[in-house]
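Summary of the model geometry
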Amino acid sequence: MAAGLTRAGHDDFIVLEKAGDVGGTWRENTYPGCECDVPSALYSYSFEQQAWGGVRASQPEILSYLRRVSVKYGLRDKIEFGVEVERGHWDEVDGRWHLFTTTGREFVAQYLVVGTGALHLPKVPKTPGAASFGGPAFHSARWDHSVDLAGKRVAVIGTGASAIQMVPEIAAVAGSVQLYQRTPPWVLPRREAGRLARTVGRAPLLRRLVRSLTYWNAELLAVGLNRRPALTRPMEWRAKRHLRRQVPDPALRAKLTPDYRIGCKRILRSDNYLPALTRPGTELIVDPIAEITPAGIVTEDGTKRAADVIVYATGFRVAGSLARLPLVGRDGVSLQELWQRDGIRAHLGISVSGLPNAFFLTGPNTGLGHNSVVFMIEAQVSYALRAMNLVDREGANALDVRPEVQAAFHDDLHVRLADGVWSTGGCRSWYVDARGVNHSIWPGFSWQYWLRTRRVDRGGHELLKPPQDSL
Ligand code: N01
């Protein structure tokens, strides 16, 4: 967003960042083996395409890329680091957003862009006895680098995208690994192209070509995920073949075979996760956890396993995480109240009726199971810039999406979601909330989303005039 504003010639903005550096999720997640499972060809900004070292970019590579971009575009001077916004409200008298930080500072702005992300609140299960555990215990997104895992008995809970990246690294150094699995993930080969990728990466024209081919290849998957989940069956065959090749033991294979449709949860890619589970020191445990004691973990079948360290790779609290920041809009109604009343909804996942001039990045139903979130974020940034231009062009002060436009968007979205693998695939995932409502996924091609964000519908918005005394 900051680069988008700068590139569009604006410099009258400020970025408030609670941490001490840029990077977001790529700053917070530093667990061993952390990398991006989206093809690296798609994982850089369109205006700053990156020559990555391989077909997947590692967390340190991505973090240094983001730092580099922030320097190159002169953004660091625009960022107030270590400033956490605690609350904000739209003031109808002066037509401005007023934001208050945890230290009591106030910022006043015509526009507010919320880029706080969806996967940033660690979810740690409330297991009986967890607090009594005698050793270090931490979440994957809060990795404790002071803990040396060499020779230790390490318990890892969870087998999602984070776990499958860290387990091979942990297994390589730990004395033993206990991996607690509730649901087996579908795992496809990772396919590292090595030298070819590096060569391609260095030649800008080839890089663009690969980016384009990779993008359209990824879009193909959307047909299966969104419309015809049965079309993804060949992917299931490939994943099962990968499993057969990597896990010779039929009993272990049975535990690792999913019983739901691929894509219902995030599709994972790894060449070293399954082999790590066949190492003598690694045990895959599928009995549910009953309690945690000072010495380790007890499963429901009564087995006690001693552990020195527990790693929670148990994901994030997602639903409504955007509403955690108390924002109060028109008529004194807060985002939380709006979403409690109407359900979590935002027009294009970007604007919420009742919150004028506020734009959400990675808002509700803009996540993808098949392509890169960077593409979606760039579409959202362009949309926010277009909306600001519209306000200026119209001589207005603000725009607020009409509730009926937001409702029509929301209803159409949820009709389309009903056909998708997230509804029909027979799994439970973080995409879906406790009531079975999917607030996470965009149920279409990403280019359809891009098309819809190319234009701000003037008639679909109420344009608010500047307050009288500022005329
Ligand atoms: O979290 P998850 P994650 N008892 O929610 C299990 C992004 N990401 O951090 O499947 C026992 O996927 C849970 O079991 P189940 C990506 O969008 C991206 O791994 O619910 N187990 C599951 O196995 C991803 O989707 C990258 O039955 C419990 C695991 O913990 C998102 O972040 C890399 C449990 C949680 O899996 C989240 O991934 C990493 C309990 N009480 C992450 N509670 C990229 O490479 C949960 N589990 C881009």
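Rules used throughout
Residues numbered from 1 in each chain as written. Predicted model: local features only at pLDDT ≥ 70, side-chain atom pairs only at ≥ 80, totals over all residues. Helix = DSSP H or I, 4+ residues; strand = E, 2+ residues; numbered from the N terminus. Rg over C-alpha atoms; globule rule 2.2 N^0.38 Å. Buried ≥ 20, exposed ≤ 12 C-beta atoms within 10 Å, placed from the backbone. Contact = placed C-beta atoms within 7 Å. Near = placed C-beta within 6 Å. Nonpolar A, V, L, I, M, F, W, Y, C, P; charged D, E, K, R; others polar. Core = buried A, V, L, I, M, F, W, Y, C linked by C-beta atoms within 7 Å. pLDDT = per-residue confidence, 0-100. Pairing = 2+ DSSP bridges. Axes fitted to C-alpha atoms, helices over the stretch in contact; angles between N-to-C directions. Expected span 1.5 Å × (residues − 1). Arc of directions from axis to C-beta.

So, about the overall build of the chain. Regarding its fold elements, the chain presents 14 helices and 20 strands. A compact globule built from 471 residues should have a C-alpha radius of gyration of about 23 Å, and the chain, at 23 Å, falls within 12% of that. Looking at the chain as a whole, 39% of its 471 residues qualify as buried. Within the chain, counting contacts between residues at least 6 apart in sequence, those at least 24 apart form 72% of the total.

As a structural note, the neighbourhood of the ligand is formed by 23 residues, with Pro-125, Gly-158, Gly-160, Arg-182 and Gly-315 the closest of them. A total of three residues in the shell around the ligand trace back to one element, the largest contributor, which is helix H4 (residues 161–173). Across the shell around the ligand, the residue classes break down as 12 nonpolar, eight polar and three charged.

So, about the nonpolar core. Grouped burial of nonpolar side chains is what soluble globular proteins tend to show. The biggest cluster of nonpolar side chains holds 60 residues, and the ones touching the most others in it are Ala-384 and Ala-387. The element that contributes the greatest number of residues to this core is helix H11 (residues 373–393), accounting for 10 residues. In contact with Ala-384, other than residues within four places in its own chain, are Met-1, Val-113, Ile-350 and Phe-359. If you look at the next biggest cluster of nonpolar residues, it comprises 40 residues, including Ala-155, Ile-157, Ile-170 and Ile-267.

All right, on to the environment of Glu-169 then. By the secondary structure assignment, Glu-169 is in helix H4. Linking Glu-169 and Ala-276, residues 107 residues apart in sequence, is a C-alpha distance of 8.7 Å. Contacts of Glu-169, omitting those with residues within four sequence positions, involve Pro-32 and Gly-33.

Let us now look at the confidence of the model for the chain. Taken residue by residue, the chain gives an average pLDDT of 94. The fraction at 70 or more is 97%. Across the predicted assembly, pTM comes out at 0.96 and ipTM at 0.99.

What follows covers the environment of Val-223. Considering the arrangement of structural elements, one finds Val-223 in helix H6 (residues 204–226). The sequence separation of Val-223 and Leu-338 amounts to 115 residues, and the corresponding C-alpha distance is 33 Å. Each residue touching Val-223, except ones within four places of it in the same chain, is listed here: Arg-228 and Leu-231.

Read across the open sheet, the three strands follow the order E13-E14-E15; overall the sheet is antiparallel. Among the strands making up the open sheet, the edge pair consists of strand E13 (289–292) and strand E15 (304–306). Strand-to-strand twist across the sheet, computed as the mean angle between neighbouring axes with direction ignored, equals 25°. Summarising the sheet, strand E14 (residues 296–299) and E15 pair through three bridges and their orientation is antiparallel. Paired with Gly-296 across the two strands is Ala-306, which belongs to E15.

Over its 15 residues, helix H12 (residues 403–417) extends 21 Å from the first C-alpha to the last, a length consistent with the 21 Å expected when each residue adds 1.5 Å. Turning to H12, its buried residues are Gln-406, Leu-413 and Leu-417. Buried residues of H12, viewed axially, fall in a sector of 40°; they line one side. Exposed side chains of H12 directed beyond 90 degrees from the buried face belong to Glu-404, Asp-411, Asp-412 and Val-415. Taken together, the buried residues of H12 touch strand E19 (398–401) and helix H13 (421–424).

What follows is about unusual backbone geometry. With phi around 60°, Leu-348 is a residue other than glycine that occupies positive phi space. Of note, Leu-348 is situated in the loop between helix H10 (335–342) and strand E18 (358–360). Of note, the phi angle at Thr-362 is positive, near 50°, even though the residue is not glycine. Its place among the elements puts Thr-362 in the loop between E18 and H11. By the C-beta count within 10 Å, which is 21 here, Thr-362 ends up buried.

Taking strand neighbours across the sheet as the criterion, the four strands line up as E5-E4-E3-E17 in an open arrangement whose pairing is mixed. Of all the strands in the sheet, the pair left with one neighbour each is strand E5 (106–109) and strand E17 (327–328). Alignment of strand E4 (residues 96–101) against E5, held across four bridges, turns out to be antiparallel. Across the sheet, the residue bridging to Leu-99 is Phe-107, located in E5.

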